[in-house]
Amino acid sequence: MAGAVHTDEDEIRADVEAYLRAHEQKELLRFVVIGSVDDGKSTLIGRLLHDTGRVYEDQLNAVKRASARGATRGAGSEAEVDFSLFTDGLRAEREQGITIDVAYRYFTTPRRKFIIADTPGHVQYTRNMATGASTANVAVILIDARLGVLAQTRRHAYIAALLGIPHLVACVNKMDLVGWDEATFARIRDELTTFARGTGIPDVTCLPVSALRGDQIAQRGDAAPWYDGPTLLEHLETVPIEADRNLVDLRFPVQYVIRPSLDYRGFAGQLASGVLRAGDEVIALPSGRRSTVASIDTFEGPIAEAFAPMSITVRLADEIDVSRGDMLIAAGAARRPAVGDRLDAMLVWLSERPLDPGRSYLLKHTTRVVRADVERIDGVIDPETLAPEPATRLSLNDIGRVSIHCHQPVFFDAYADNRATGAFILIDSLTNDTVAAGMIRGATTGAARDDGPRAQVSAAERRARLGQAGAVVTVGGRDADEAHGRAFLIERVAFDAGHVAAVVDAAAADAVAAAGMWAIVAAPGAGGARLDGAEVHLPAAASADDDEALARAVLAALELGGKRGATEPFD
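It is worth spelling out the overall build of the protein chain at this point. Counting its regular elements, the protein chain contains 13 helices and 28 strands. In the protein chain, the proportion of contacts linking residues at least 24 apart, taken out of those at least 6 apart, comes to 71%. As displayed, the protein chain has an accessible area near 26,300 Å², and 50% of this comes from carbon and sulfur atoms.

What follows is the structure in structure tokens.
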């Protein structure tokens with residue numbers, strides 16, 4: 001490897017098994033690198049990998065060649081290394097000089113093992129950033145010293161806070177381009193620290209760095225004599241993360257029931273939180289039945305104790321009914337998970353198709369999947385002010401607070417108390433796309449909204465497909481023959497104009513309109529129309545010419561209503 005600060009070669013040669021045991025026992029820290037576009041995230045990671053000796057010679061040579069060809073700068077030199085190329089592996093990333101997908105890299109030092117998530121900075125890839133940050137202990141946010149704290153910087157810091165990341169490291173990058181001005185660093189540090197603490201992040205640290213030159217990354221450098229704090233690597237090696245994981249509240253969601261024979265029945269899964277020991281008394285949710293842990297099995301054999309996030313198989317002393325989606329908790333727990341079907345939650349919307357409150361989704365929480373409806377959107381968060389703003393839908397990358405009704409109860413904790421049992425995702429049941437990531441704030445209060453079952457195809461989707469909104473048109477006349485004649489004329493005019501319309505009985509009109517078509521009902525007397533609930537007032541007609549004008553007026557009114565979104569009465 002090239003440019004190594006630490007080397008393990010001597011230790012490996014002396015006793016490879018001892019080295020592997022020591023490596024296995026090292027504490028693992030996951031951190032995500034976030035920030036606005038072109039703040040230098042990929043360059044910082046590449047520099048960190050290079051300076052800790054985690055870049056192989058062939059990788060280094062390949063990056064040098066790409067740098068010399070000007071892979072991202074347009075012009076390079078053999079002596080200059082573009083460190084961003086160590087992580088930006090997609091062709092589109094190298095062509096545009098940006099990060100698009102989340103890239104994971106791994107390295108180790110004598111103190112810790114690390115998993116790095118390099119995330120995109122562009123607003124359109126905010127959902128990728130949220131995915132990469134979801135499992136991190138530490139968020140390293142980069143800020144261009146020339147630009148200061150931007151809207152996307154605040155957005156990323158807010159998402160990091162929503163995801164419960166307890167440690168934020170702000171690296172004020174490109175300090176060499178502002179002459180390592182201490183006042184510039186202090187201004188950015190104060191602004192970012194004030195904002196981050198306002199989001200609830202308890203631990204905020206700021207460092208002045210130059211990712212391209214390597215100052216304050218893995219080596220200190222001498223460019224900022226006024227700074228006496230740690231380098232980024234020193235901070236990552238020493239930041240305390242032992243208390244970040246909940247080892248108090250036992251939560252064991254059952255993922256799979258293993259039943260190879262009549263003599264063995266085990267419940268497999270990953271401990272979401274807490275510690276479990278053989279002999280502990282547990283309660284199975286939702287049944288509430290009690291039993292005792294007879295054995296904790298792993299691939300290597302039985303163990304006396306397991307802790308989060310270990311994957312284990314639990315055998316109970318009693319034959320009780322436990323299946324996938326159920327949860328084991330400690331019988332004597334002071335704090336039990338809430339059991340309910342209505343959630344107050346924050347959503348990060350990940351889909352290009354906006355949230356449709358009229359549709360039903362699947363909610364996956366731990367190992368449990370239930371159907372769920374978004375009852376209400378309480379607001380979309382403004383990343384500048386962190387204040388909720390009124391909204392009727394969530395679009396791609398929006399962050400909003402919502403009320404969710406689950407069709408079956410779930411067993412949950414507030415996300416602030418337990419990241420594992422306070423998180424969920426929403427899934428489009430038709431496409432199986434993950435459309436949102438959610439963090440539970442608690443249970444909602446008040447009565448559930450009872451508006452019947454939700455369809456899987458909403459009125460908005462039908463409107464987009466058919467080019468019209470469903471409608472009921474009641475056509476009057478002096479008698480039944482005149483009313484039917486007008487109804488069939490309107491049907492003909494609508495059909496010729498490219499719309500889907502049919503003359504139907506009054507009993508079937510609402511069902512036809514719900515399917516997105518125009519239902520035309522003939523009835524003597526005054527006529528009218530409803531477009532998604534809005535009334536359409538039709539002019540009176542007495543002659544054949546007037547009937548033609550009436551049909552044209554109906555068509556114009558319905559087309560205008562469809563363009564308006566069918567929310568207002570119109571003449």
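Here the focus is the pairing of strand S6 (residues 203–208). Counting buried positions over the six residues of S6 gives five, a clear majority of the element. With helix H8 (residues 182–198) bridging strand S5 (residues 167–173) and the parallel S6, this β-α-β connection has right-handed handedness.

What follows is about the pattern of salt bridges. According to the stated counting rule, one finds 23 salt bridges in the structure shown. Between Arg 213 and Asp 215 there is a salt bridge, with its nearest N and O atoms 3.2 Å apart. Classification of Asp 215 as buried rests on a relative accessible area of 6%. Residue Asp 428 pairs with Arg 359 through a salt bridge whose shortest N-O separation is 3.1 Å. Of this pair, Asp 428 sits in the loop between strand S22 (423–427) and strand S23 (434–443) while Arg 359 sits in the loop between strand S17 (338–349) and strand S18 (360–365), and the two are 69 residues apart along the sequence. Using a relative accessible area of 4% as the deciding quantity, one classes Asp 428 as buried. By relative accessible area, Arg 359 is classed as buried at 1%. Among the ionic contacts, a cluster of salt bridges with common partners joins Asp 144, Arg 146 and Lys 174.

Our focus in this paragraph is the environment of Ala 469. Tracing the backbone shows Ala 469 in the loop between helix H10 (459–466) and strand S24 (471–475). Along the sequence, Ala 469 and Ala 514 sit 45 residues apart, while their C-alpha atoms lie 9.0 Å from each other.

The peptide bond linking Leu 285 to Pro 286 adopts the cis configuration, its omega dihedral lying at 15°. Take Pro 286: it is sitting in the loop between strand S11 (281–285) and strand S12 (289–298). The linkage connecting Ala 308 with the following residue, Pro 309, adopts the cis geometry, with an omega of 5°. As for its position among the elements, Pro 309 is in the loop between strand S14 (305–307) and strand S15 (311–316). The backbone phi angle of Lys 174 is positive, close to 60°, even though this residue is not glycine. Summarising the element assignment, Lys 174 is placed in the loop between S5 and H8.

Right, let's talk about the packing of aromatic side chains for a bit. In this structure the tally under the stated criterion is four aromatic pairs. Their ring planes at 15° and their centres at 4.7 Å tell us that Phe 107 and Phe 114 sit as a pair that is stacked. Ring centres of Phe 185 and Trp 226 lie 5.6 Å apart, and the angle between their planes is 40°; on these two criteria the pair is classed as tilted. Of the two residues, Phe 185 is situated in helix H8 and Trp 226 in the loop between S6 and helix H9 (232–238); the sequence distance between them amounts to 41 residues.

Let us look at the nonpolar core. Phe 31, Val 140, Cys 171 and Leu 236 are the most contacted members of the largest nonpolar core, which has 70 residues in total. Those residues in contact with Leu 236 that lie beyond four places of it in its chain are Leu 29, Phe 31, Leu 48, Arg 112, Phe 114, Val 138 and Val 140. Listed in part, the 23 residues of the second largest apolar core include Ala 345, Trp 349, Leu 394 and Val 435.

An order of S2-S3-S1-S4-S5-S6 is seen for the six strands of this open sheet, with the pairing classed as mixed. Every interior strand has two partners, whereas the edge strands, strand S2 (103–108) and S6, have only one. Neighbour to neighbour, the strand axes of the sheet diverge by 25° on average, direction disregarded. Taken together, the five bridges between strand S1 (residues 27–35) and strand S4 (residues 138–144) define a ladder with parallel strand orientation. Pairing of Phe 31 across the sheet is with Val 138, part of S4. Helix H7 (residues 151–162) rests against S1 and S4 of the sheet, and its axis sits at about 175° to S4.

Turning next to the confidence of the model for the protein chain. Per-residue confidence for the protein chain averages 80 on the pLDDT scale, and 77% of its residues sit at or above 70. For the stretch residues 71–79, pLDDT sits under 50, and the model shows 19 contacts to residues farther than four places along the chain or on other chains. A low-confidence stretch, residues 90–100 (pLDDT under 50), is modelled with 28 contacts involving residues beyond four sequence positions or located in other chains.

This part is about H8. Spanning 17 residues, H8 covers 24 Å between terminal C-alpha atoms, matching the ideal 24 Å at 1.5 Å per step. Thr 184, Phe 185, Ala 186, Ile 188, Leu 192, Thr 193, Phe 195 and Ala 196 are the residues of H8 that are buried. Looking at the packing, one finds that the buried side of H8 touches S4, H7, S5 and S6. Just downstream of H8, Gly 200 is the residue with a positive phi angle, here 100°.

Counting buried residues in strand S26 (residues 518–522) gives five out of five residues, a clear majority hidden from the surface. Side chains Trp 518, Ile 520 and Ala 522 of S26 all project onto a buried face; the interleaved residues Ala 519 and Val 521 project onto the opposite face, where all are buried too. Bridge count for S24 against S26 is five bridges, and the pairing is parallel. Of the residues in S26, the one forming a bridge with Thr 474 is Val 521. Bridging between strand S25 (residues 501–503) and S26 involves three bridges; their strand directions are parallel. The partner of Ala 501 across the bridge, within S26, is Trp 518.

Procedures and definitions
- Residues numbered from 1 in each chain as written.
- Predicted model: local features only at pLDDT ≥ 70, side-chain atom pairs only at ≥ 80, totals over all residues.
- Heavy atoms only, no water.
- Helix = DSSP H or I, 4+ residues; strand = E, 2+ residues; numbered from the N terminus.
- Contact = heavy atoms within 4.5 Å.
- Areas by Shrake-Rupley, 256 points an atom, 1.4 Å probe, with all protein chains shown as cover.
- Buried < 20%, exposed > 50% of the residue type's maximum accessible area, 1.4 Å probe, protein only.
- Right-handed = clockwise from strand over helix to strand, strands pointing away.
- Salt bridge = Lys/Arg side-chain N within 4 Å of Asp/Glu carboxyl O.
- Phe/Tyr/Trp six-rings, centres within 6.5 Å; stacked < 30°, edge-to-face > 60°.
- Core = buried A, V, L, I, M, F, W, Y, C linked by side-chain atoms within 4.5 Å.
- Pairing = 2+ DSSP bridges.
- Axes fitted to C-alpha atoms, helices over the stretch in contact; angles between N-to-C directions.
- pLDDT = per-residue confidence, 0-100.
- Expected span 1.5 Å × (residues − 1).

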